[in-house]
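Coordinate analysis (summary)
If you want the building blocks of each chain, they are given just below.
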Amino acid sequence: MVEHLNESKSKDNMDRRNFLSIGVMASSLVAAYGFFAGVVLRFLYPRGRNVTLRPMFVAFADKIPAGESHSFSTPRGEQVILTNTGQLKAGQGHSFTAFSSRCPHLGCKVHYDGEGQQFICPCHQGLFDRKGVAISGPPAQAKQRLSEYPVELNGNSVYVLVEVA
Amino acid sequence: MLTQAWSWFRTRVPFDEELLRHLSAEPVSGHLKRWWWCLGGTPLYLFMLQLLTGIILTFYYVPNPEQAYESVQRITMDLPFGWYLRSFHKWSSNLMILAVVLHMMRVFFTGAYRAPREMNWIIGFMLFGITLLFGFTGYSLLWEQLSYWGITVAANILAATPLIGDVLANFLRGGTEVNGNTLTRFFVFHIGVLPTLMIALLICHVYLIRSLGVSQLEGDRPSDTKTFPFFPDHFLTELSIGAFLMFLITCLALIFPVGMGDQANPLITPEHIKPEWYFFWAFRWLKLMTDTNAVITQGIFIAFIMFWPFIDGVIRRRWKNSEISMFIGILVVLYLLGLTVWETVYLMH
């Protein structure tokens, strides 16, 4: 660079060597700052789902008779409905189910209707059966279902397996 | 094709291309090829890195006494590359202070502060003060023991200022105690007030450099010195320095990543309380006399350095071309360095 004192680099003296050195410098800088930008984006982008499941105590089984439900929040803030369907599930020895109360259509909050044994979304009249499968309304057209949480019964205590942050 | 696109753009965003070329190709003196004449650009580049990494860290930092410590812990331990970005921010701040000090020494010992550049020395000195305040408010945000007790001690030092001490201390703390108010105002200072002040003063600083020109080396006549255009030559020098700094900071972050101290506890003062290294000199000075005397003498010392160009001007008018500034400069450096080393040695034992 020192030999260029007193003159600006014009296009005329852009020879092959100059072109190569500028190319190497520019691509190194792009690579280095690009890597830094990647680190920054990785830091800023919300973390992916962590699939560590932990049992969370939710309720005593005898407090939720058949046809009743109980809503709670997981540590990550998801709203869940624990329901006693009154019908023993095959191979599980209890009649509890836990579904996210977030409607898969547009995120409204569904509630359990004990008489009809179904979940109702008030926003667009979406209906889900007691297994969480959509049977009517926009979610049924899109063949959606409520996301399910595994339930464990230990004595009289109901645990739901939830994701921890 | 490219020419068409360019003219399309030029029609919509009109500007004087010739003027831009003229402004960016400003001839700068040949001695700016030496790296120690680029020390002013170094803190500027580091400041831009600080703005960038600071904004990024603010995405996760929570300025609330209950959550501040945990949020920093989350950034450091939990989030991808959080340790790197936080270490980067910290090391970059340390290098920025170092670079500003070296830049000031270069300006001082080459007499670049002399007429007509006295005002720019004062602006530069204020920029140095803001840089130190950035450091102080920054490490207070961690809300660890040293942040909490650092603020407590600093506020009590301020309180020792004659006449207005209590007002200053209460203003710093946002009340009579260090609490949530204090953290809020330190946060606002760190990410709002100080950056705004710094950018405003930087614009003045650079404007004065451009309008007065870079100072000549003593003994050189303007016609003697070779010049080269700011763009692209000097710009490339700064670009290389920037790349080197990224490399250096990354190495420092990898070898010495930042950790966490104990969480702030208003009930327990830690046994060894110390500020960051750039306040060691003031901390040692404080231990040598009463608080009020320390505040007064340091105030005089700071004013002395800040207004030195005018004092020097008076001396040089009385005694033609006196070089007493060299001795004064060496004395000041020895004073600051001596106190810093003294405090370091003391803290290591």
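Residues numbered from 1 in each chain as written. Chains lettered and ligands numbered in written order. Predicted model: local features only at pLDDT ≥ 70, side-chain atom pairs only at ≥ 80, totals over all residues. Heavy atoms only, no water.

**Observations regarding the overall build of chain B**
The condition is simple: A run of H or I in DSSP becomes a helix once it reaches four residues, and a run of E becomes a strand once it reaches two; helices and strands are each numbered from the N terminus. For every residue, the accessible area (1.4 Å probe, protein chains only) is compared with the maximum for its type, and the residue is labelled buried under 20%, exposed over 50%, or partly exposed between those bounds. Any two residues having at least one pair of non-hydrogen atoms within 4.5 Å are treated as being in contact. For every accessible area listed, the method is Shrake-Rupley and the probe measures 1.4 Å; residues are considered covered only by the protein chains on display. His is not counted, nor are the chain ends; Lys and Arg add positive charge and Asp and Glu add negative charge. In plain terms, the charge of a residue is placed at NZ if it is Lys, CZ if Arg, CG if Asp and CD if Glu.
The helix and strand tally for chain B stands at 14 helices and two strands. Buried positions account for 44% of the 349 residues belonging to chain B. For chain B, the proportion of contacts with a sequence separation of at least 24, taken over those separated by at least 6, is 78%. Accessible surface computed for chain B: about 19100 Å², of which carbon and sulfur atoms make up 71%. Here chain B carries 23 positive and 23 negative side-chain charges, and the mean point of each set is 8 Å from the other.

**Structural notes on the interface of chain B and chain A**
Formally: Buried area is understood as the total, over both parts, of accessible area removed when two parts are fitted together, assessed with a 1.4 Å probe. Salt bridges, as used here, are contacts in which a Lys or Arg side-chain nitrogen is within 4 Å of a carboxyl oxygen on Asp or Glu. Any N or O atom pair separated by 3.5 Å or less is treated as a polar contact, with the protein-specific requirement of one donor-capable and one acceptor-capable atom, and with residues adjacent in sequence counted only for side-chain atom pairs.
The interface of chain B with chain A comprises 29 residues on the first partner and 18 residues on the second. Contact with chain A buries area across many residues of chain B, yet Tyr60, Pro80 and Phe81 of chain B alone supply 22% of it, more than any other trio. Summed over the shared surface of chain B and chain A, the result is zero salt bridges. On the surface where chain B and chain A come into contact, there are three residue pairs in polar contact (both at pLDDT 80 or more). Elements represented by at least two residues in the side of chain B that touches chain A include exactly helix H3 (41-58), helix H4 (68-78), helix H5 (82-109), strand S2 (227-229) and helix H10 (230-255) of chain B. Per element, the largest residue contribution to the side of chain B that touches chain A is eight residues, and it comes from H10 of chain B.

**Considerations on the confidence of the model for chain A**
Residues shown with low pLDDT carry predicted positions that ought not to be read at fine detail. Basically, it comes down to this: For every residue, the pLDDT score states the predictor's confidence, bounded by 0 at the bottom and 100 at the top.
In the predicted model, chain A carries a mean pLDDT of 84, and the fraction of residues at 70 or more is 88%. Below a pLDDT of 50 lies the segment residues 1-10 of chain A, which in the model reaches 20 contacts outside its immediate sequence neighbourhood of four places, other chains included.

**What to know about the nonpolar core**
One recurring pattern in soluble globular proteins: nonpolar side chains tend to sit buried together. Residues and elements named next belong to chain B. For clarity, the threshold we go by: In these notes, a set of buried Ala, Val, Leu, Ile, Met, Phe, Trp, Tyr and Cys residues joined through side-chain atoms within 4.5 Å is what counts as a nonpolar core. These domain limits were set by an automatic method or by a database of domain assignments.
Counting residues in hydrophobic clusters, the biggest one holds 46 residues, and the most contacted among them are Tyr61, Trp121 and Trp143. Among the elements that line this core, the one with the most residues is helix H6 (residues 118-140), at seven residues. Counting only domains with at least three residues in this core, you end up with domain 1 (31-273) and domain 2 (274-349). If sequence neighbours within four positions are ignored, Tyr61 has contacts with Ala68, Ser71, Val72, Ile75, Leu141, Leu183 and Phe187. Within the second largest apolar cluster, 34 residues are counted, among which are Leu95, Leu127, Met198 and Leu202.

**What about the environment of Phe109 of chain B?**
Residue position: Phe109 of chain B is located in helix H5. In this view, Phe109 of chain B contacts Met326, Gly329, Ile330 and Val333 of chain B; residues no more than four positions away in its chain are not counted.

**Topic: the environment of Thr269 of chain B**
All names here are of chain B. Tracing the sequence through the fold places Thr269 in the loop between H10 and helix H11 (280-287). Residue classification places Thr269 among the partly exposed residues on the basis of a relative accessible area of 44%. Each C-alpha atom, one on Thr269 and one on Tyr148, is 9.2 Å from the other, the two residues being 121 residues apart in sequence.

**Here's the deal with the pattern of salt bridges**
All names here are of chain B. Taken as a whole, this structure holds ten salt bridges over all chains when the rule is applied. Among the salt bridges present, the one from Arg114 reaches Glu323, with a minimum N-O distance of 3.6 Å. With Arg114 in the loop between H5 and H6 and Glu323 in the loop between helix H13 (308-318) and helix H14 (324-348), this pair connects stretches of sequence that are 209 residues apart. Taking the relative accessible area as the measure of exposure, Glu323 reaches 31% and is therefore partly exposed. Across the pair Arg316 and Glu323 runs a salt bridge, and its minimum N-O distance is 3.5 Å. Salt bridges sharing partners connect three or more residues here, namely Arg10, Glu17, Glu18 and Arg21.

**So, the sheet that holds strand S6 (residues 118-121) of chain A**
Residue and element names in this part refer to chain A. Our working rule: For two strands to be treated as a pair, DSSP must find no fewer than two bridges joining them. Lines fitted to the C-alpha atoms define the axes, with helices restricted to the stretch that makes contact. Angles between their N-to-C directions range from 0 to 180 degrees.
Within the open sheet, the four strands sit side by side as S5-S6-S7-S8. Their pairing is antiparallel. Edge strands, defined here as strands with exactly one partner in the open sheet, are strand S5 (111-113) and strand S8 (134-136). Here the average twist between neighbouring strands, direction ignored, is 40°. Inspection of the sheet shows S5 paired to S6 by three bridges, in the antiparallel sense.

**A short note on the side chain of Arg106 of chain B**
All names here are of chain B. Mapping Arg106 onto the fold places it in helix H5. For the buried Arg106, no salt bridge is present, and the opposite-charge side chain at shortest range is Glu238, 9.8 Å distant. Those residues in contact with Arg106 that sit more than four places away from it in its chain are Trp36, Trp37, Ala112 and Ser215.

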